[in-house]
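As a plain string of letters, each chain reads:
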Amino acid sequence: MLRELGAYRPDLDARLKLKGSAPDLATRLDAITAGAAFVLGHNVVAFDQPALAALQPGLALHRLPLIDTLELSPVAFPQNPYHRLVKDYKLCTTTRNDPVRDAELAYALFLDQSEALRLRVAEHPDEALCLHFLLATEDGKGVANLFASLRRALRPSLADTRAAWERMTRGKVCITGQRQVVDQFLTNPDWHKPLAYVLAWLRVAGGGWQFSFAALGQPQFSSGA
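Per-chain numbering applies: the sequence of each chain, read as written, is numbered from 1 onward. Under the rules for a predicted model, residues below a pLDDT of 70 receive no local features and side-chain atom pairs below 80 are neither given nor counted, while totals for whole chains, interfaces and linings still include all residues. Hydrogen atoms and water are omitted, and side-chain values are computed over all heavy atoms in the structure.

Enquirer: Hey, could you run me through the overall build of the protein chain in this one?
Expert: Numbering of helices and strands starts at the N terminus; helices are DSSP runs of H or I of at least 4 residues and strands are runs of E of at least 2. Across its full length, the protein chain holds nine helices and six strands. Three exposure classes are used, based on accessible area relative to the maximum for each residue type with a 1.4 Å probe and protein chains only: buried under 20%, partly exposed in between, and exposed over 50%. The buried share of the protein chain, reckoned over its 225 residues, is 41%. Residue contacts follow a heavy-atom distance rule, with two residues in contact if any of their heavy atoms lie within 4.5 Å. Taking the contacts inside the protein chain whose residues are at least 6 apart along the sequence as the reference set, 58% of them involve residues at least 24 apart. Where accessible areas are quoted, they stem from the Shrake-Rupley method and a 1.4 Å probe; at the residue level, only the protein chains shown are allowed to cover. When the accessible surface of the protein chain is totalled, it reaches about 12400 Å², and 54% of it is carbon and sulfur.

Here you go:
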């Protein structure tokens, strides 16, 4: 059951709060999302969009690409990969969520993430290149547009990503694991998101770590010289 829904359009400075039972929900939500480039939310990929699609499958926003601030957090803030929204508008823990305020907070978090990734491009261009390849499925949509605007380039080729990955991880991972990643896992989209998180984490993890792959294909982490 959908109790309440909130939306925020920062480019229009428009806000919308609706009861889940509102008879004009679809019409008003389609109106506020008209002309939007993407849908932004915190856990929007795994929760909000699928849940809303099950209840309101005809909404126009379902045809828009998604950017999930929860998924961006591990690469934007690798020192604190479990970063989550701080709902400082609540006076106590029993206060109900405000969906519009949640949307505003997600956008504020996205701005922080964009700035962190902009600095990554400037300070660690090879890492940013790899993240672009690993997190963007195709040019012209959602996260792909974010990285394209930050790097001023389209999604890199596999060959360029291989070279950047090897430069970024040289001296930080075991040679055997490195070869497996380059030869097998960079070509497998199912591994792209985990590899993006691993790459961001390696830079801030400090020395004395190795990264390797077990026979079953699961990433293994171990300390050692």
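Enquirer: Honestly, the packing of helix α5 (residues 125–135) against helix α9 (residues 192–204) in this entry has me stumped. Any pointers?
Expert: Geometrically, a packed helix pair is captured by the angle between its two axes and the distance between the axes. To get an axis, fit a line to the C-alpha atoms, keeping to the stretch in contact for a helix; angles then go from 0 to 180 degrees between the N-to-C directions. Two elements in contact, α5 and α9, have axes whose closest approach is 8 Å; the angle formed by their N-to-C orientations is 160°. Relative to α9, α5 is oriented roughly antiparallel. Note on packing geometry: the crossing formed by α5 with α9 is left-handed. Within the contact between the two elements, α5 uses E127, C130, L131, F133, L134 and L135 and α9 uses H192, K193, L195, A196, L199, A200 and R203. Lys, Arg, Asp and Glu make up the charged group, whereas Ala, Val, Leu, Ile, Met, Phe, Trp, Tyr, Cys and Pro make up the nonpolar group; the residues left over, Gly among them, are polar. Residues of the contact of α5 with α9, tallied by class, amount to nine nonpolar, one polar and three charged. Relative orientations are named as follows: roughly parallel for angles under 35 degrees, roughly antiparallel for angles over 145 degrees, roughly perpendicular for angles from 65 to 115 degrees, and oblique for any other angle. Helix crossings fall into two classes, left-handed where the near helix is turned counterclockwise from the far one by less than a right angle and right-handed where it is turned clockwise.

Enquirer: Looking at this structure, how should I read the side chain of E104?
Expert: Take E104: it is sitting in helix α4 (residues 99–123). Of the residues examined, E104 reaches a relative accessible area of 17% and is grouped as buried. Not counting residues up to four positions away in its chain, the partners in contact with E104 are Y8 and R15.

Enquirer: So what exactly am I meant to see when it comes to the pairing of strand β2 (residues 14–19) here?
Expert: Two strands qualify as a pair provided DSSP detects at least 2 bridges between them. Bridge analysis of strand β1 (residues 4–9) against β2 gives six bridges, and the strand direction is antiparallel. Considered in β2, the bridge of E4 is made with K19. Between β1 and β2, which pair antiparallel in sequence order, lie four residues; one of them, D13, sits at a positive phi of approximately 50°.

Enquirer: I'm lost on the nonpolar core in this one. Help?
Expert: Of all hydrophobic cores here, the largest spans 33 residues; its most connected members are V75, L134, W165 and L195. Elements with a minimum of two residues in this core: α3 (69–76), α4, α5, α6 (142–151), α7 (158–169), α8 (175–185) and α9. By residue number, the principal contributor to this core is α5, which donates seven residues. Apart from residues no more than four positions distant in its own chain, V75 is found in contact with L117, R120, L131, L135, A196, Y197 and A200. The nonpolar core is taken to be a set of buried Ala, Val, Leu, Ile, Met, Phe, Trp, Tyr and Cys residues, with the residues joined through side-chain atoms within 4.5 Å.

Enquirer: Would you mind going over unusual backbone geometry with me for this structure?
Expert: Glycine aside, the phi torsion of most residues is negative, and most peptide linkages are trans. Phi is positive for D13, which is not a glycine, with a value near 50°. Mapped onto the fold, D13 is located in the loop between β1 and β2. A positive phi angle, near 70°, is found at N43, a position not held by glycine. In this fold, N43 is placed in the loop between β3 (39–41) and α2 (44–55).

Enquirer: What should I look at first to understand the pattern of salt bridges in this one?
Expert: Where charged atoms from two side chains of opposite charge approach closely, those side chains can pair. A pair is scored as a salt bridge if a Lys or Arg side-chain nitrogen falls within 4 Å of a carboxyl oxygen belonging to Asp or Glu. In the structure shown here, the tally under the stated rule is 13 salt bridges. Two residues, D11 and R9, come together in a salt bridge whose shortest N-O distance is 2.8 Å. Assessed through its relative accessible area of 55%, D11 is described here as exposed. One network of salt bridges, with partners in common, ties together D13, R15, R101 and E104.

Enquirer: Where do I start with the packing of aromatic side chains in this structure?
Expert: Note on aromatic pairs: each is described by the distance of the centres and the angle between the planes. Any pair of Phe, Tyr and Trp rings, taking the six-membered ring for Trp, is counted once the centres come within 6.5 Å. Such a pair is stacked with planes under 30 degrees apart, edge-to-face with planes over 60 apart, and tilted for the rest. All told, the structure shown has three aromatic pairs when counted by the stated rule. When the ring of Y8 is compared with that of Y107, the centres are 6.0 Å apart and the planes differ by 75°; the resulting orientation is edge-to-face. Within this pair, whereas Y8 is found in strand β1, its partner Y107 is found in helix α4, the two being separated by 99 residues in sequence. The ring of F133 carries the charged tip of R155 above its face, separated from the ring centre by 4.3 Å. Charge-over-ring placement is defined geometrically: NZ (Lys) or CZ (Arg) within 6 Å of the ring centre, and within 35 degrees of the ring normal.

Enquirer: Is there a simple way to think about the confidence of the model for the protein chain in this case?
Expert: Keep in mind that low pLDDT regions are not for reading the predicted coordinates in detail. Confidence of the prediction at every residue is given by pLDDT, a number between 0 and 100. Within the protein chain, residue pLDDT values average 86, and 84% of them lie at 70 or more. With pLDDT under 50 throughout, residues 207–225 is counted as low confidence; its partners more than four residues away or in other chains account for 46 contacts.

Enquirer: Help me understand the packing of α4 against α5 in this model?
Expert: Two numbers describe how α4 lies on α5: the axes approach to 5 Å, and their chain directions differ by 125°. What the angle tells us is that α4 and α5 run oblique. Residues R120, V121, A122 and E123 of α4 pack against P125, E127, A128 and L131 of α5. Tallied by class, the residues present in the contact of α4 with α5 amount to five nonpolar, no polar and three charged.

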